[in-house]
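Report on the structure
Here is how the chains run, residue by residue.
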Amino acid sequence: MSLRQDIAAWDGKSAEAIGNVYLRHCNDPAFVRKTLDCVANPSLEVGATWLLKRHAEAGGAIDGQALYRLAPRLGHWEAKLHVLQCLPHTPVPATQRRATEKFLRGGMADDAKFVRAWAYSGFHALACQYPAYRDEADALLRAALDAEPPSVTARVRKALIAGFTG
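Residues numbered from 1 in each chain as written. Predicted model: local features only at pLDDT ≥ 70, side-chain atom pairs only at ≥ 80, totals over all residues. Heavy atoms only, no water.

1. Some details on the packing of aromatic side chains
The criterion, for reference: Working definition: rings of Phe, Tyr and Trp (its six-membered ring) pair if their centres are within 6.5 Å, and the pair is stacked with planes under 30 degrees apart, edge-to-face with planes over 60 apart, and tilted otherwise. By definition, any uninterrupted DSSP run of H or I lasting at least four residues is a helix, any uninterrupted run of E lasting at least two residues is a strand, and each is numbered from the N terminus.
Enumeration over the complete set of coordinates arrives at two aromatic pairs. Ring centres of Tyr22 and Phe31 lie 5.6 Å apart, and the angle between their planes is 80°; on these two criteria the pair is classed as edge-to-face. Between Phe123 and Tyr133, the ring centres sit 5.6 Å apart and the planes meet at 75°, which makes this aromatic pair edge-to-face. Of this pair, Phe123 sits in helix H8 (residues 113-129) while Tyr133 sits in the loop between H8 and helix H9 (134-147), and the two are 10 residues apart along the sequence.

This is the structure in C-alpha cells:
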C-alpha cells in the first residue's frame, strides 16, 4: 500500500496502527515530501502530521519551509497539535517566521487546551530562535500562568524554566 492509502486506511485512533504506518514508510527517501503532500489533504492531515511529529521526535529532518507554510491551513485540532509538537525539533525558516507567528497566536486562542499549551510552548521556541520575540514571549507565558488551566500551565512552566537560550 502507498503512504497515502495507509494514512487513509488508519482509523484515526490507534497509535499502534499509525506507528506501524511510520515504520513501513519512514525509510523511503521521499517520506517527508510524500507526507507533507498528504498534510495538504484535510482527510489525511491528522495522520500525516502525526507521522511528521514522530519523524521529528526520532531526529529526522523535516522541511520546515513546507511544514510551516501548510500549518495555517490545518483544520483539525490534532493536526495543529502535531505541527506545534514539531517546533522544538524543526527550526522555523526566516521566510515562514511571520506565518508561523500568526499560526502560534491563533493556537494560543484555540478552544483545544492542548493546542493552546503547545502554542505557548511554540511561541517560546520561536523566541529562542528569533530574539526579537523574547520579551513578548516572556510576558505571554507569565500571563498564561494566571489565565490558563493547569493542563496548559504545566507546559508554560516548562518553557519558562527552560529560559530563552537558542
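2. Digging into helix H4 (residues 45-57)
The condition that has to hold: To estimate the expected span of a helix, subtract one from its residue number and multiply by 1.5 Å. Each residue's exposure class comes from its accessible area (1.4 Å probe, protein chains only) as a fraction of the maximum for that residue type: buried when under 20%, exposed when over 50%, partly exposed otherwise. Residue contacts are defined here by distance: any two heavy atoms, one from each residue, within 4.5 Å place the two residues in contact.
For H4, built from 13 residues, the straight-helix expectation of 18 Å at 1.5 Å per residue is met to within 8% by its first-to-last C-alpha distance of 18 Å. Extensive coverage of H4 is indicated by the burial of 11 of its 13 residues. Within H4, burial applies to Glu45, Val46, Gly47, Ala48, Thr49, Trp50, Leu51, Leu52, Lys53, His55 and Ala56. Among the structural elements, helix H1 (3-9), helix H2 (15-25), helix H3 (31-39), helix H5 (64-70) and helix H6 (77-86) are those in contact with the buried residues of H4. Gly59 sits one or two positions beyond H4 and adopts a positive phi of about 90°.

3. Notes on helix H7 (residues 97-108)
Just so we agree on the cut-off: Think of it as the arc spanned by the lines of direction from the helix axis to the C-beta atoms.
In a regular helix each residue adds 1.5 Å, so 12 residues correspond to 16 Å; H7 covers 16 Å between its end C-alpha atoms and thus fits that length. Buried residues of H7: Thr100, Glu101, Phe103, Leu104, Gly107 and Met108, and no others. On an axial view of H7, the arc spanned by its buried residues comes to 160°, and they lie on one face. Seen from the open side of H7, the exposed residues pointing more than 90 degrees away from its buried face are Arg98 and Lys102. Looking at the buried residues of H7, the elements they touch are H5, H6, H8 and H9.

4. With respect to the layout of surface pockets
To keep things clear, this is the line we draw: Cavities and pockets are defined on a 1 Å grid built over the protein atoms alone: a cavity is a set of grid points where a 1.4 Å probe fits but cannot escape, while a pocket is an open set with protein on both sides within 12 Å along at least five of seven lines, and lining residues are those with an atom within 4 Å of any such point. Grid points are joined across faces, edges and corners, and a volume is the space filled by probe spheres set on the points.
Looking at the largest pocket, its volume works out to about 190 Å³. Along its surface, the largest pocket is lined by 13 residues, and Leu87, Pro88, Ala125, Cys128 and Gln129 are the ones closest to its centre.

5. Concerning the environment of Arg105
You can see Arg105 is positioned in helix H7. The class for Arg105 is partly exposed, based on a relative accessible area of 31%. In sequence terms Arg105 and Arg142 are 37 residues apart; their C-alpha atoms lie 15 Å from each other.

6. Things to note about the pattern of salt bridges
Note the cut-off: Just to be clear on terms, a salt bridge is a Lys or Arg side-chain nitrogen sitting within 4 Å of an Asp or Glu carboxyl oxygen.
One pass over the structure, following the stated rule, counts 10 salt bridges. The partner of Asp110 in a salt bridge is Lys80, and the shortest N-O contact between them spans 3.4 Å. Highlighted residues: Asp110 in the loop between H7 and H8 and Lys80 in helix H6, separated in sequence by 30 residues. In this structure, Asp110 and Lys80 share a single accessibility class: buried. Ionic pairing is found between Glu148 and Arg116, a salt bridge with its closest N-O pair at 2.9 Å. Highlighted residues: Glu148 in the loop between H9 and helix H10 (150-162) and Arg116 in helix H8, separated in sequence by 32 residues. For Glu148, a relative accessible area of 15% gives the class buried. When its relative accessible area of 13% is taken as the criterion, Arg116 is described as buried. Bridged by salt links that share partners, the residues Arg98, Glu101, Arg105 and Glu136 form one connected network.

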